[in-house]
Every structure is written in C-alpha cells, then in structure tokens.
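Structural characterization, general
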Amino acid sequence: MTASPSAPPVNEALSTLFNADDLAEALSLDGAVMDRLNRFDRLLVETNKTHNLVARSTIETRWYRHFLDSAQLLRFLRADDETILDMGAGAGFPGLILAALSEPDRRFILVESIAKKAKFLTEAANAMGLGNVRVETARVEALTSLPSLDGITARAMAPLVRLFDYAHPLCASHTRLIFPKGARAEDELTQARKRWQFTCAGEKSMTSADACILIIDQLSSQNTSARSARNTQRRRPKQG
C-alpha cells in the first residue's frame, strides 16, 4: 500500500512535471493501486472537458495538486478506523483517492450535493472497482441514518468554523477530523476556538510550504461544555 512520508517528495516548483510514476515512487504504491488511480484519472480528464469537476487550470498539475495532496491524508487515519465520511466530495479528492489506497474493509461515504458530481463519483468508483465506496447525493446537514464515523475529511470545502458546524452532529466521541488547510489555518483556528473546544495537531503538507493538515480530535461546542460544567457543579454534594 503506502509508506508514511513526512516531507515533500518533490519541489513544488516542479509540480507540472509530477506524474503518475512520480506518485507511485513517492508513496511506494503497488501496481494494483496505480491501476485504480489511472482509471480514475482517465475518467476525470475526459469528464472535466464538459463538466467543471476541478479547475481546468489545475489539470496539468493534477497528479501533484490533487492526487498527492489527497493521498497524503492517509497517514492520519488510525489503523482501526473503519468508516470515513468525505464531506463535499466534489471530484473525489480526497475520498476516492483514500478509498483506492485503503484496504477494502475500510468504508468511505462520499457526500456531494450537486447531482452531476455525485453521478461522476459513482461512475468513478465503479470504474476503479471500489466496493468500499458509498455515494450520498445530499447536503451534509441533511444526512440521516449514518453509521458511527471514525473519521471525517473535507478538502477545499469551507472555513474551519463551518466545517465544525457540519461535522459536529455526525461525530462520535472518537471521531477524528482531518482537514487540509492553507496559509490562513491559524486564523481559522483562532476563530474556531471562540465556539468550539478540540485538540488539534498540525502537520506540514507534502504539497505546499504554506499549507498544513489539521488533525482534530474531541470536538465539542463551547456551549455544551459550559452546560456540562454547570450540571456537574449542581450535582456536586454539599460539604460538611
């Protein structure tokens, strides 16, 4: 499957030269994985000619800008994480890439509200032979009847505060959130801490010196935490 690199494998300035073979070498991907990714790539390039799945200006650098940028998130999933939700799955980055790199018993739920993109996700998962992917054509806030989630991802979807708004109702106590962020990550964290409590580890991105990966655990709202503390105070027995 993959190794767990901790530093950029190539110079970002050379991203236009980064191709499928470079991805395989950088992440130690085997032939079966690369076959799935290449099938996805062919469908992506062809479909993007008529549907705006990804910005056309990024097609030339897609193996670096989209494939590697998505694949690097795999190292932050825990070994026993079984069910992962990708919010705003779009063209399948990172959800389809992570599903292709994972063992088949790790399940991915890809949520996309735009019907054309959701249809593409289904076609791509079928073309890749992925039996561990379920596509939901819905807004994240409208989701019901989900299994317990071990992880939630989202890429280029919304500011951190809004991501927490979407994710919190879906979180169990153990759910980990994995969000790639750009140069404004610290500002977004500052705003998020005004409303939310959480633990956060920031890791350098493999694809940009200005970007990072936020690994969020134990997300809870400030209001819930304050209410819990007040209830605990009320229940505390009187002394003496």
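Refer to the structure presented above.
Nothing here was measured: the structure is a model prediction, and the numbers come from that model. (Residues numbered from 1 in each chain as written. Predicted model: local features only at pLDDT ≥ 70, side-chain atom pairs only at ≥ 80, totals over all residues. Heavy atoms only, no water.)

**Concerning the side chain of Arg62**
Looking at the element boundaries, Arg62 is found in helix H3 (residues 62-71). Polar contacts involving the side chain of Arg62 include one to the main-chain carbonyl oxygen of Ile59, which spans 2.8 Å. Beyond its immediate stretch of four places on either side in the chain, Arg62 contacts Asp41, Leu44, Val45 and Phe67. (Helix = DSSP H or I, 4+ residues; strand = E, 2+ residues; numbered from the N terminus. Polar contact = N/O pair within 3.5 Å; in protein donor to acceptor, adjacent residues only side chain to side chain. Contact = heavy atoms within 4.5 Å.)

**Here's the deal with helix H7 (residues 185-192)**
Buried within H7 we find Ala185, Glu188, Leu189 and Ala192. In an axial view of H7, the angular spread of the buried residues amounts to 100°, which keeps them on one side of the axis. As for H7, its buried residues are in contact with helix H6 (160-167), strand S5 (176-181), strand S6 (196-204) and strand S7 (212-221). (Buried < 20%, exposed > 50% of the residue type's maximum accessible area, 1.4 Å probe, protein only. Arc of directions from axis to C-beta.)

**Topic: a negative patch on the surface**
A contiguous patch of negative charge on the surface is contributed by Asp80, Glu82, Glu103 and Asp105. Relative to the helices and strands, Asp80 resides in the loop between H3 and strand S1 (83-87). (Patch = residues over 30% accessible without salt bridge, like charges linked within 9 Å, V, L, I, M, F, W, Y side chains within 5 Å. Areas by Shrake-Rupley, 256 points an atom, 1.4 Å probe, with all protein chains shown as cover. Salt bridge = Lys/Arg side-chain N within 4 Å of Asp/Glu carboxyl O. Lys, Arg positive; Asp, Glu negative; His and termini not counted. Charge placed at Lys NZ, Arg CZ, Asp CG, Glu CD.)

**Comments concerning helix H1 (residues 20-27)**
What H1 keeps buried is the set Ala20, Leu23, Ala24 and Leu27. Along the long axis of H1, the arc covered by the buried residues comes to 100°, so they all point the same way. The exposed set on the far side of H1, more than 90 degrees from its buried face, consists of Asp21 and Glu25. Buried residues along H1 sit against helix H2 (31-47) and H3. Measuring from the backbone nitrogen of Asp21 back to the side-chain oxygen at the start of H1 gives 3.1 Å, which picks out Asn19 as the cap. Just downstream of H1 lies Ser28, where phi reads positive at about 55°.

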